[in-house]
Amino acid sequence: RAGYVVLTFDTRGQGRSGGRRGHLSRFSQLLGDLQAFRRAVRPRTQAPQVLLGHSFGGLVVLRYLESQPNDVLPAIVSSPFLGLAFSPPAWKLFLGRLLADLWPTAGLPAGIDGGALSRDPAVGAAYEGDPLVHDRMTPGAWKEIQWAHRAVSADGHHIERPVLFLLAGEDRVADPHLARAFADGLKAPVEVRWYPEMYHEVLQDPQKEHVVGDVLAYLS
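Chemist: Hey, could you run me through the overall build of the chain in this one?
Modeler: Summing up its helical and strand segments, the chain has seven helices and six strands in all. Its helices and strands taken in sequence order, the chain reads α-β-α-β-α-β-α-β-α-β-α-β-α from the N to the C terminus. On C-alpha atoms alone, the chain measures out to a radius of gyration of 17 Å, which is about the 17 Å that the 2.2 N^0.38 rule sets for 220 residues. With respect to the three principal axes, the spread of C-alpha positions in the chain is 50 × 35 × 35 Å. When each of the 220 residues of the chain is scored for burial, the buried share is 40%. Across the chain, the fraction of contacts at a sequence separation of at least 24, relative to all contacts at a separation of at least 6, is 74%. Accessible area for the chain stands at about 11900 Å²; split by element, carbon and sulfur atoms hold 55% of it. Side-chain charges in the chain split into 23 positive and 23 negative, and the spacing between the mean points of these groups amounts to 7 Å.

The following block contains the structure:
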């Protein structure tokens, strides 16, 4: 309604996209997919592009900005997944490390609680009832994600474009304090919007109009 064209896609192994569910051979594949998506949508509009990445997508966007420092591309990251906000069971960590090289495509339960996503119970119910949602992550994918966590943290100085961070103070999925510390350490023009009472899905919160208003103000 604000006049912006919004285009999105399912990453490989997720939703309607192909690939083994919850698996990732190389994190760099996601950066190539994002680049290909940008090229594919370019014929639809010549308007300036802005990246918006949520959760795991936020991690992808931040790494993309680091790997494309000369690209004039502002970005918005919502609850970026720079680290877990909870401690996985010890057995899962042990099994993940053991299988990372022995059986990297083994499907392990991700353990995401739908009730922890939003203060709106309908959001969690929709997540748990969506047939395209799977509760799987492979040891190979987790190994690549951990690599990305380290790479993004180490290479933040390569980000030169403006970034808006939308962070939920009560995020029970992605650690918001890690994300805020990362944002505070960037030399690029950074704006942080901190929503102290919100959960992970700030764009699906009962007060999401406030968040959308912050996004539109940033884009204007």
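Having seen the model, we can carry on.
Chemist: What am I meant to see in the nonpolar core here?
Modeler: Generally speaking, a soluble globular protein has its nonpolar side chains buried in company with each other. In terms of nonpolar packing, the biggest core is built from 31 residues, with Phe 27, Leu 62, Ile 159, Phe 165 and Phe 182 touching the most fellow members. Every element with two or more residues in this core is listed here: helix H1 (28-41), helix H2 (56-67), strand S2 (75-78), helix H5 (139-154), strand S5 (163-168) and helix H6 (176-184). In terms of residue count, H2 provides more of this core than any other element does, six residues in total. If we ignore the near neighbours within four places in the chain, the residues touching Leu 62 are Val 77, Pro 80, Leu 82, Val 152, Ile 159, Phe 165 and Phe 182. Residues Leu 164, Leu 166, Met 198 and Val 202 belong to the second largest nonpolar core, which totals ten residues.

Chemist: What exactly am I supposed to notice about the sheet that holds S2 here?
Modeler: In sheet architecture, strand pairing relies on hydrogen bonds along the backbone and comes in two forms, parallel and antiparallel. As summarised here, the arrangement of the four strands in space is S1-S2-S5-S6, forming an open sheet in which the pairing is parallel. At either margin of the open sheet sits one strand with a lone partner, and together these are strand S1 (51-54) and strand S6 (190-195). Taken pair by pair, the neighbouring strands of this sheet meet at an average axis angle of 10°, ignoring direction. On top of the sheet, H2 reaches S1, S2 and S5; it is set at about 135° to S1, its chief contact. Packing against the sheet, helix H7 (residues 208-219) makes contact with S2, S5 and S6, and its axis sits at approximately 170° to S5.

Chemist: How do you make sense of the environment of Ala 141 when you look at a structure like this?
Modeler: Locating Ala 141 in the fold gives a position in helix H5. As for Ala 141 and His 157, which are separated by 16 residues in sequence, their C-alpha atoms are 26 Å apart. Setting aside anything within four residues of it in sequence, one finds Ala 141 in contact with Gly 22, His 23 and Leu 24.

About the cut-offs
Residues numbered from 1 in each chain as written. Predicted model: local features only at pLDDT ≥ 70, side-chain atom pairs only at ≥ 80, totals over all residues. Heavy atoms only, no water. Helix = DSSP H or I, 4+ residues; strand = E, 2+ residues; numbered from the N terminus. Rg over C-alpha atoms; globule rule 2.2 N^0.38 Å. Buried < 20%, exposed > 50% of the residue type's maximum accessible area, 1.4 Å probe, protein only. Contact = heavy atoms within 4.5 Å. Areas by Shrake-Rupley, 256 points an atom, 1.4 Å probe, with all protein chains shown as cover. Lys, Arg positive; Asp, Glu negative; His and termini not counted. Charge placed at Lys NZ, Arg CZ, Asp CG, Glu CD. Core = buried A, V, L, I, M, F, W, Y, C linked by side-chain atoms within 4.5 Å. Pairing = 2+ DSSP bridges. Axes fitted to C-alpha atoms, helices over the stretch in contact; angles between N-to-C directions.

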